[in-house]
Amino acid sequence: MNSNDPNQNPSPLSEVARNPDATARYLANVQRVLLDIGENLETLARETRLHLRGTHVEGDRRYHAALRARPVEKALRDVLADLNHLAAGLEKSAYKRRAHDEAVVNTVRDRKERKLEKMRRKNPELQATPGTTSDQGERTRNVGYSSPASIYDLSRNRDSA
């Protein structure tokens, strides 16, 4: 028996991974939980800051408590920043998952179009005959009466008025 066989013990998230909408819903739920945890951590950081900065020891100057509290405050800020980056990464991965499925669909379509284009180049009789538009007819009719297109054309069109 092969322990890597996915049919033996399917993961509960395997169906979620197969469907971009289910993946987006799952990641949104995880993100919601993380943001709730983030709110609790923000409250904890505020209360910790108040407690630590209010803890004075005999002989302290006014700023000593704040200096002792800085490493703890920084650690909590770092955790909050990491949590916010994680929540943003979850949202980004949901978009990337949907973009992946769209890219797969577009790849199949693009390959078909390239194959048809390649067949058209090999067999010119399969191409549609280009029709002459009235715009092209006007351009060929008025060649002698056109104004110079650039300064280099001035020498060829020396008509006196």
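To keep things clear, this report deals only with the structure shown in the data block. (Residues numbered from 1 in each chain as written. Predicted model: local features only at pLDDT ≥ 70, side-chain atom pairs only at ≥ 80, totals over all residues. Heavy atoms only, no water.)

### Quick word on the overall build of the protein
Counting its regular elements, the protein contains four helices and zero strands. N-terminal to C-terminal, the α/β element order of the protein is α-α-α-α. When burial is assessed residue by residue, the protein has 13% of its 161 residues classed as buried. Long-range contacts, defined here as pairs at least 24 residues apart, represent 54% of the contacts in the protein between residues at least 6 apart. Just so you have it, the protein exposes about 14000 Å², and 54% of that area is on carbon and sulfur atoms. (Helix = DSSP H or I, 4+ residues; strand = E, 2+ residues; numbered from the N terminus. Buried < 20%, exposed > 50% of the residue type's maximum accessible area, 1.4 Å probe, protein only. Contact = heavy atoms within 4.5 Å. Areas by Shrake-Rupley, 256 points an atom, 1.4 Å probe, with all protein chains shown as cover.)

### A short note on helix H3 (residues 64-122)
For H3, built from 59 residues, the straight-helix expectation of 87 Å at 1.5 Å per residue is met to within 8% by its first-to-last C-alpha distance of 83 Å. Along its length, H3 reaches its greatest deviation from straightness, about 40°, at arginine 70, and the proline proline 71 lies no more than four positions downstream. Listed in full, the buried residues belonging to H3 are Ala65, Ala69, Glu73, Leu76, Leu80, Leu83, Ala87, Leu90, Ala94 and Arg97. (Expected span 1.5 Å × (residues − 1). Bend = angle between axes of the 7 residues up to and from the residue.)

### Focus on the pattern of salt bridges
Going through the model one piece at a time under the given rule, you end up with nine salt bridges. Notably, a salt bridge pairs arginine 98 with aspartate 21, separated by 2.7 Å at the nearest N-O pair. With arginine 98 in helix H3 and aspartate 21 in helix H2 (residues 20-54), this residue pair connects regions lying 77 residues apart in the sequence. Each of Arg109, Asp110 and Glu113 takes part in salt bridges that share partners, so that together they form one network. (Salt bridge = Lys/Arg side-chain N within 4 Å of Asp/Glu carboxyl O.)

### Focus on the nonpolar core
Counting residues in hydrophobic clusters, the biggest one holds five residues: Leu27, Leu34, Leu83, Leu90 and Ala94. Of all the secondary structure elements, the ones that give two or more residues to this core are H2 and H3. When residues in this core are grouped by element, the largest group, three residues, is from H3. Setting aside residues up to four positions removed in sequence, leucine 90 forms contacts with Leu27, Val30, Gln31 and Leu34. (Core = buried A, V, L, I, M, F, W, Y, C linked by side-chain atoms within 4.5 Å.)

### Looking at the packing of H2 against H3
H3 packs onto H2 with a crossing angle of 170° between their chain directions and a minimal axis gap of 10 Å. Between H2 and H3, the angle falls in the class roughly antiparallel. Partitioning the contact of H2 with H3 into residue classes produces 22 nonpolar, five polar and nine charged. (Axes fitted to C-alpha atoms, helices over the stretch in contact; angles between N-to-C directions. Parallel < 35°, antiparallel > 145°, perpendicular 65-115°, else oblique. Nonpolar A, V, L, I, M, F, W, Y, C, P; charged D, E, K, R; others polar.)

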